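Spelled out, the chains give:
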Amino acid sequence: QVKLVESGGGLVQPGGSLRLSCKASGNGFRGLSRGWYRQSPGKEREFVARITDGGRIIYADSMRGRFTISRDNAPNMVFLQMNNLEPEDAAVYYCGAGYPPQYWGQGTQVTVSS
């Protein structure tokens, strides 16, 4: 059973930064892509960024330049550094394993407001 746990969300002012973390545990996630997705109220979940098992990184076009995905395999962590946040970035951010994701975390709320 794969377990993904996100952390790092919170309230930030426009222009601010947050770093999200996702820790994977259990059996079955090794070899899978790891990615970040987000969902705002009334909208479908959308792709943000992912990193393949081989280290290739893919971003959604609208996220490129402001968001950076990275990983640390030793503790099975994936991170999302988000800079210059805008109110439109407010959402629940989910960590996924696999592509398309076979496993999901519970999500972490990001609120961007002054």
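Here the structure is a predicted model, which is why all the values come from computation and not from measurement.

On to the state of the cysteines. By the definition in use, this model includes 1 disulfide. A sulfur-sulfur distance of 2.1 Å marks the disulfide that ties C22 to C95. As the torsion about the S-S bond is roughly -75°, the C22-C95 disulfide counts as left-handed. Here C95 lies in strand β9 (residues 91–97) and C22 lies in strand β3 (residues 18–26), a separation of 73 residues in the sequence. The class of C22 is buried, set by a relative accessible area of 0%.

For the rest of this paragraph, the subject is the side chain of N76. Considering the arrangement of structural elements, one finds N76 in the loop between β7 (67–72) and β8 (77–82). Side chain to side chain, N76 and R30 meet in a polar contact 3.4 Å long. Beyond its immediate sequence surroundings of up to four residues, N76 is in contact with C22, K23, A24, F29, R30 and R34.

This next bit is on the nonpolar core. One finds W36, V48, F67, I69, L80, M82 and Y93 to be the most contacted residues of the largest nonpolar core, which totals 28 residues. Mapped onto this core, the elements with two or more residues apiece are β1 (2–7), β3, β5 (46–51), β7, β8, β9 and β11 (108–112).

Strand order across the open sheet formed by 4 strands is β1-β3-β8-β7, with antiparallel pairing between neighbours. Strands with a single pairing partner mark the edges of an open sheet, and in this sheet they are β1 and β7. Adjacent strand axes in the sheet meet at a mean angle of 15°, parallel and antiparallel pairs treated alike. As defined by bridge partners, β1 adjoins β3 across 6 bridges and the pair is classed as antiparallel. Note on β3: the bridge partner recorded for E6 is C22.

What follows covers the pairing of β9. β9 sits mainly inside the fold: 7 of its 7 residues count as buried. Across 6 bridges, strand β4 (residues 34–39) lies against β9 in antiparallel orientation. By the bridge assignment for β9, Q39 is matched with V92. Pairing of β9 with β11 involves 3 bridges; the strand directions are antiparallel. Across the sheet, A91 pairs through a bridge with V110, a residue of β11. Direction of pairing for β9 relative to strand β10 (residues 103–104): antiparallel, over a ladder of 2 bridges. From the neighbouring strand, A97 faces β10, where its bridge partner is Y103. In this antiparallel pair of consecutive strands, β9 and β10, the connection spans 5 residues, and G98 shows a positive phi of 100°.

Conventions adopted
- Residues numbered from 1 in each chain as written.
- Predicted model: local features only at pLDDT ≥ 70, side-chain atom pairs only at ≥ 80, totals over all residues.
- Heavy atoms only, no water.
- Disulfide = S-S within 2.5 Å.
- Helix = DSSP H or I, 4+ residues; strand = E, 2+ residues; numbered from the N terminus.
- Buried < 20%, exposed > 50% of the residue type's maximum accessible area, 1.4 Å probe, protein only.
- Polar contact = N/O pair within 3.5 Å; in protein donor to acceptor, adjacent residues only side chain to side chain.
- Contact = heavy atoms within 4.5 Å.
- Core = buried A, V, L, I, M, F, W, Y, C linked by side-chain atoms within 4.5 Å.
- Pairing = 2+ DSSP bridges.
- Axes fitted to C-alpha atoms, helices over the stretch in contact; angles between N-to-C directions.

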